[in-house]
Amino acid sequence: MRFEEKLKNLSQREVWEEYCGFLELNIDEYMQMQTRLLMEQIDLMSRCALGKRFFAEQPPKTLEEFRARVPLTRFDDYADILLVKREEALPAPPVLWLSTTWEGGDRPFKCAPYTEGMLDTYRRNILAAMILSTSREKYSFRIRNNAKVLFSLAPLPYATGLFPGLVDPEIKIRFLPPLREAHKLSFSERCKKGFKMSLKSGMNQFYGMTSIIYNMSKSFSFGSGGGSASLKELAGVSPVMLYRLLKALYESKRDGKPVRPGDVFKLDGFVCVGTDTALYKDELEEMWGIRPLEVAGGTEPCLLGTETWKKDGLVFFPDNCFYEFIPEADMLRSIEDPAYIPPTYLMNELQAGEKYELVLTTLRGGAFLRYRVGDVYRCLRTAKPADGLDIPQFEYVDRVPNVIDIDGFTRITNREIDRVIELSGLRVSDYLAAKEYDADKHSYLHMYVEMDAQDERSAIVEAEIFKEHLGVYFRYFDSDYNDLKRLIGVDPLVVTMLPPGTIRAFEHSCGRILPRVNPKRSDLLDLESFRKTARRSGKEERP
Amino acid sequence: MSVPSFIIVPLLCFFSSAFLFLVVVASKKNRLIVAFIHLLFCFVLWTGGSVLMRLSVYPGMEFWYGVSATGIFCVPFCIYNFLYFYTNRRGSFARTMWFLIWLVIVVLNWFNVFITNQRIELINGVREFHYDITPLAVIPIVVAAATLFCACRMVWNNIRQDGVAPGSFTPLLIGVLVMFLGLIVQSVFHLVWLNTDTIFCGVNAVCLYYALYKKRIITLSSMAASRPISLMAVAFGTITGVIVFPYAERLYDRFFGNYPNAQVFVYCLFFSVITILYFTVLRALAGKLFVKNQEARERELAKLGRTISASLEIDTTVETFREFLLQNCVMERAYILLADENKENYRIAACTQDIVLKNFSITAEHPLAVWLRSHAESISYQAFCRTKEYRSMWAQERRALEELRVDFALPITSDGALLGMVLFSAKKGHVFSPAEVSFLESAAALVAIAFKNASLYVEMQNEARRDPLTELYNHRYFLKKLKADFDECAEDRLTLLMISLDDFRLYNELYGTQDGDLALQRFSRIIESIVGERGTVSRFAGKEFAVSLPHLDAVAAKGIARECRALLEREMSGAGYPAIRRLTFSAGICSYPFSASNMDDLLSYANMAVYSAKRSGKNTTVVYSPDKDKEITDAASGQARELDAARASTIYALTAAIDAKDNYTFRHSDNVAHYAAALAKEIPLDADHVEIIRQAGLLHDIGKIGVPEAILTKQGRLTAEEYEMMKQHVEGSIAMIRHLPSLDYLIPAVIGHHERWDGKGYPRGLAGEAIPVGARCLCIADTFDAMTSNRPYRRALTVETALAEIERNLGLQFDPQLGRLFINLVRSGRIQIGEEGENKQPAQLKEKQ
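Parameters at a glance
Residues numbered from 1 in each chain as written. Chains lettered and ligands numbered in written order. Predicted model: local features only at pLDDT ≥ 70, side-chain atom pairs only at ≥ 80, totals over all residues. Helix = DSSP H or I, 4+ residues; strand = E, 2+ residues; numbered from the N terminus. Buried ≥ 20, exposed ≤ 12 C-beta atoms within 10 Å, placed from the backbone. Contact = placed C-beta atoms within 7 Å. Expected span 1.5 Å × (residues − 1). Core = buried A, V, L, I, M, F, W, Y, C linked by C-beta atoms within 7 Å. Pairing = 2+ DSSP bridges. Axes fitted to C-alpha atoms, helices over the stretch in contact; angles between N-to-C directions. Parallel < 35°, antiparallel > 145°, perpendicular 65-115°, else oblique. Left-handed = near helix turned anticlockwise from the far one by under 90°. Nonpolar A, V, L, I, M, F, W, Y, C, P; charged D, E, K, R; others polar.

## Some details on the overall build of chain A
Here is step 1 of the chain: Within chain A one finds 21 helices and 18 strands.
Here is step 2 of the chain: Within chain A, the fraction of its 543 residues that count as buried is 45%.
Here is step 3 of the chain: Taking all contacts inside chain A whose residues are at least 6 apart in sequence as the whole, residues at least 24 apart take part in 65%.

In structure tokens:
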């Protein structure tokens, strides 16, 4: 039975229980399901070359053995098989491959195989997210047949690009723009066209990257005059939308307030994906009149989790991946000391309020075992009895500290920065790079740069020039970085020039070496005051 | 319009509405059913009033019009009321308001406020019903629209807010729409000849009934209840009476005009018969339509219950259930899966078709098993795919169920335990109806009881068959099993492996009985794990284990014994014990048909082999062979010789003691040993067995040490009392040998040497082949030597006389076969009398080893 038929022939509760029934699992049942599916994955892995690489001669027989014997992995451990798509070495035949940026990797992209079982799970889970996005209370939701959906998530080969193809056979949905047309457009064209269409015909659901939605919402206006619509723009608008637009414009003029998206659109469901979603959610709710539902995922883990009908914390799907968690302190120690093997904890061993780095094992024949995907989550609570939840809820914090994620588009490590500096030909002697936020809550890359004291140009290179120069090479080197500028209109690079030797001198004064990427905020503030003090005391020297 | 076409349509609609009304009245009621009854009652008024109005039945057309119109005007509120309960609404303000409004409208209608001038006109010979509408008629139309709008809103809210499946309202919507379509058609097109309003009213009633049936609120079987059938018969009879009455009256006047007083009686009789006929026909019809299947199912269930309760065998129950499913289920095939002993797996026990996937099984943790166990109700595979349990299915588990084309799963549960399940593969396009599901669940409940009883029986049987300490089969069951194996292997091979732990009494004394028990348990697991499916393991006696190995030879048995020895050694030196402990075993092997011809021989010879192994220094395996010397797998032969030397000197000492006490039986023991051994050798028995018989011969009268010398040397006949005392020497012998553990293997031969073939001997009264072969040899040898020796009370008989005496007692005192062999041996000179026996010295025993 297709999803559409289920909506017609089954009660809402039955549909809910099928797709969102996992929310009613208690933690023991959740762990039982996780363990059972992990055992299937071990069984599949034990029969393939990739699995034998980690299992040696004997596959683990228990969960404890699995955690004790299988090492924590990174993409480098799979690169030789996955990058050349050696399907015969995988636990199950993939039906498609998805790829994403390989931050800090040997190649620009990393890729992940998707099996039929994984896609089935993805389909079921994305429909669960769809139900929850339109839900205000348990067992109650509203999904219209033939709903108009504005889809502004990253297209294939990113994992979010699978959504339309998976959902389309299940329920009649009018994507804005239609799928056939959308395939021919670039991502930015698609977003713009979809939004224009939604203004004319209305929309029932909105799926988008948080930073893009936020940007669209902030610049939302109908009519070039910030509230006055031209006749040309009104042509082709449906009567309902025309009524809403005119009403919104009238009320805008009457109250002297700008038109907000929520005045024009009455969304049933609103889904956000992206790293900084937590920052924007309240504001988006105010602008759209509906609280967005955050979902989390990625290319390797597929669709990890969704918020509940209360939209107040992520719950991880029990059948998507097997989850382990590295506490923040151990994560930081392992960054400083790569030889350190951090301990992991299971879903039923977490503490509320703590931050954890996620370690996952993909299920249903996926390729990753105890894989450090590089995302950090905070465990908000281990249960929420008021909602009948007995499983932990999370909040996405950020990427791991040695990766700088800008608006969910690009991920930058010291490796990318070194490469860009090398390409630029600028003689940078030392630098620090940190993720910071502007007044509009947009994240950006802040580089504190020291030029080589021996370089003649160092005296004349100003921060702006340096930024322009480096920005060119960042855009050249990283296409996602380039999209930031095009789609959000954000220039994500800010440069502060430091006199040569400042970083070393600071490190000397505080007696420790700072990480070049994402040092602590307090260290950056101390560095700034150290620089000012040095300048005042005349110790600052420029070559 | 002819009379029939004028009334036939409303009459049929009336019948259908009335019938449904009576059916629902007869069924179990709740608020929703009561609301439905009200609605059906309105339909009855509507259609019934229309019929009687058209017939202008007393009290007149106006009255029946009023009745019919009342029915029509009540319908909108009754539909609202029905949907109010159907959608589980709360708050009665709107309902009360609509009730009062419609009450007023109905009352006003009786005063012709909305419709006037109702009449039946004869136009062109056709009777037609006509009426005029007043401008006020718009009021009930508007109110009806508003009422139905509110009803639709309730439905909408029920779908939107309560999440009820829109599909469940489809029959209701169709019914109501059809009814109002009929009203519109009737009022717009004035189809006086068709009466679309009453037709569609009947259709609506059926649709509503179907909606309730689909919701499992009403069953079809209630249509065949006696009360509605009786009432329908009365209704039909009355209508028939009304129609037929004028003709009947004329007929009576014409033919029976002379009997006016009997007219009423004849009419009553006639219409009673008609009503009874109606009742009979209707009941048969309803039974055929609605109850036949149910009754048949009930009969089948009763039959199933009777059949399965008659057996306590699981296999029989499974087969009965399989037959039941085959005969009573519409399906492609069904697989009956039963839990194994440990309840860890559910394996296919039977299939309704020959295609049985023996390897298919479902683990207890399988999500389907988990669901069936926790819910204890059947489920379609499609519905199971919607459960949260389904999420944890492995891909291969999904594939396996899909390959079996499982459409429906029926649990067999009892007291929360899932005893088994039935997986159905449905016929294409067939969906199990609620009635079928209920039928199958009832059958499963019966079968669950039968399985539980059978399981308890098996459990009890197992308990009776098992040794409580080691959980191996006990002696009694093993003998049964060995017999069964023997019968099965009549044309093949069967090997018996007997294992006896060495010095186990000492082990118990050293480490305590508790550790001894533990050692027995561990050793049992070792043998079980090694033998596996190849044979049956039992704890034959305290420290003895027996293994029946059908279709295997002695070499395989030796291999098993070797593996057991290695594992036992590892076990005793492994973890679990503070220090290395020595525990070994001696094993004896005998194979059918190579070394034994029957089951008793097999047992006896295997035991002999064990004794032989013990005597050879223990911790070894001996294969019994009648033709060649014993085969020792790993014995230390030097040690064996030493032990035998020690035993030989014991035997010599004891023999010397009895010889010293009884001069007349001087060398008797020696002679008996010689004759018996010679006979045993010729049977032929294996060398070890022959030696055992010889030693038993030497010691067979050792008990005479306890018999007073006066009796032993008495010259006259013994008194009965003395004879009884003399008979005690057998027990005396056993009592003495028992105290010599190294010679205990002689006991079977010694204890039976005074048994008789006809069962009249002593001490146990054994008969035939139940007497150990060694004892039978001793019996012949003992008697022969006694007869050919001088005794205090008589002189020696001649050899021929003695042989003749033996021959005379063949089949009475002696084994006929052995006796005849002995006679032949003596006569042919292969047994030499006197010489060898007299020269025989116990010391020579050493040389035989």
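## What to know about the overall build of chain B
Here is step 1 of the chain: Secondary structure summary: chain B contains 31 helices and 14 strands in total.
Here is step 2 of the chain: A burial count over chain B gives 39% of its 849 residues as buried.
Here is step 3 of the chain: Put simply, 66% of the contacts in chain B that link residues at least 6 apart link residues at least 24 apart.

## So, the interface of chain A and chain B
Here is step 1 of the chain: Counting residues at the interface gives 21 residues for chain A and 13 residues for chain B.
Here is step 2 of the chain: A total of four residues in the side of chain A that touches chain B trace back to one element, the largest contributor, which is helix α3 (residues 27–45) of chain A.

## Details of helix α14 (residues 434–465) of chain B
Given 3.6 residues per turn, any residue in an α-helix points the same way as the ones three and four places further on.
Here is step 1 of the chain: Between its terminal C-alpha atoms α14 of chain B stretches 45 Å, which fits the 46 Å expected from 32 residues at 1.5 Å a residue.
Here is step 2 of the chain: Those residues of α14 of chain B that sit buried are F439, L440, A443, A444, L446, V447, A448, A450, F451 and A454 of chain B.

## Things to note about unusual backbone geometry
All names here are of chain A.
Here is step 1 of the chain: The omega angle of the peptide bond from L176 to P177 is -10°, so this bond is cis rather than trans.
Here is step 2 of the chain: Note that P177 resides in the loop between β4 (173–176) and α9 (179–183).
Here is step 3 of the chain: Even without glycine at this site, K85 takes up a positive phi of about 55°.
Here is step 4 of the chain: By C-beta crowding, K85 is classed as exposed, having 12 other C-beta atoms within 10 Å.
Here is step 5 of the chain: Residue Y139 is not a glycine yet carries a positive backbone phi of 70°.
Here is step 6 of the chain: Residue position: Y139 is located in the loop between α7 (116–133) and β3 (147–152).
Here is step 7 of the chain: Using a count of 17 C-beta atoms within 10 Å as the deciding quantity, one classes Y139 as partly exposed.

## Quick look at the environment of I199 of chain B
Residues and elements named next belong to chain B.
Here is step 1 of the chain: With respect to the secondary-structure elements, I199 resides in helix α7 (residues 196–214).
Here is step 2 of the chain: The exposure class of I199 is buried, given the 22 C-beta atoms found within 10 Å.
Here is step 3 of the chain: C-alpha separation for the pair I199 and L11, spaced 188 residues apart in sequence, amounts to 9.8 Å.

## A closer look at the nonpolar core
Note on soluble globular proteins: their nonpolar side chains tend to be buried together.
Residues and elements named next belong to chain A.
Here is step 1 of the chain: The biggest cluster of nonpolar side chains holds 143 residues, and the ones touching the most others in it are I131, L360, A433 and V449.
Here is step 2 of the chain: No other element matches the nine residues that α7 contributes to this core.
Here is step 3 of the chain: Beyond its immediate stretch of four places on either side in the chain, L360 contacts P301, C321, F322, Y323, F368, Y371 and V373.

## Some thoughts on the pairing of strand β11 (residues 544–550) of chain B
All names here are of chain B.
Here is step 1 of the chain: Burial analysis of β11 places six of its seven residues in the buried class, the great majority of the element.
Here is step 2 of the chain: Of the pairings in the sheet, the one linking strand β9 (residues 494–501) to β11 comprises seven bridges and is antiparallel in character. When the sheet's bridge partners are listed, L496 is paired in β11 with S548.
Here is step 3 of the chain: Relative to β11, strand β10 (residues 536–541) runs antiparallel, the two sharing five bridges. Bridge pairing in β11 links V537 to V547.
Here is step 4 of the chain: Two successive antiparallel strands, β10 and β11, enclose a turn made up of two residues.

## Quick notes on the packing of helix α21 (residues 668–682) of chain B against helix α27 (residues 773–787) of chain B
Helices that pack against each other are described as a pair by the angle of their axes relative to one another and the distance between those axes.
Residue and element names in this part refer to chain B.
Here is step 1 of the chain: For the pair α21 and α27, the least separation of the axes is 8 Å and the interaxial angle reads 135°. Judged by the inter-axis angle, α21 sits oblique to α27. Here α21 and α27 pass one another in a crossing that is right-handed. Contacts between α21 and α27 involve H668, N671, V672, Y675, A676, L679 and A680 from the first element and C777, L778, I780, A781, D782, F784 and D785 from the second.
Here is step 2 of the chain: The residue inventory of the contact of α21 with α27, partitioned by class, reads ten nonpolar, two polar and two charged.

Nothing here speaks to function; it is geometry throughout.
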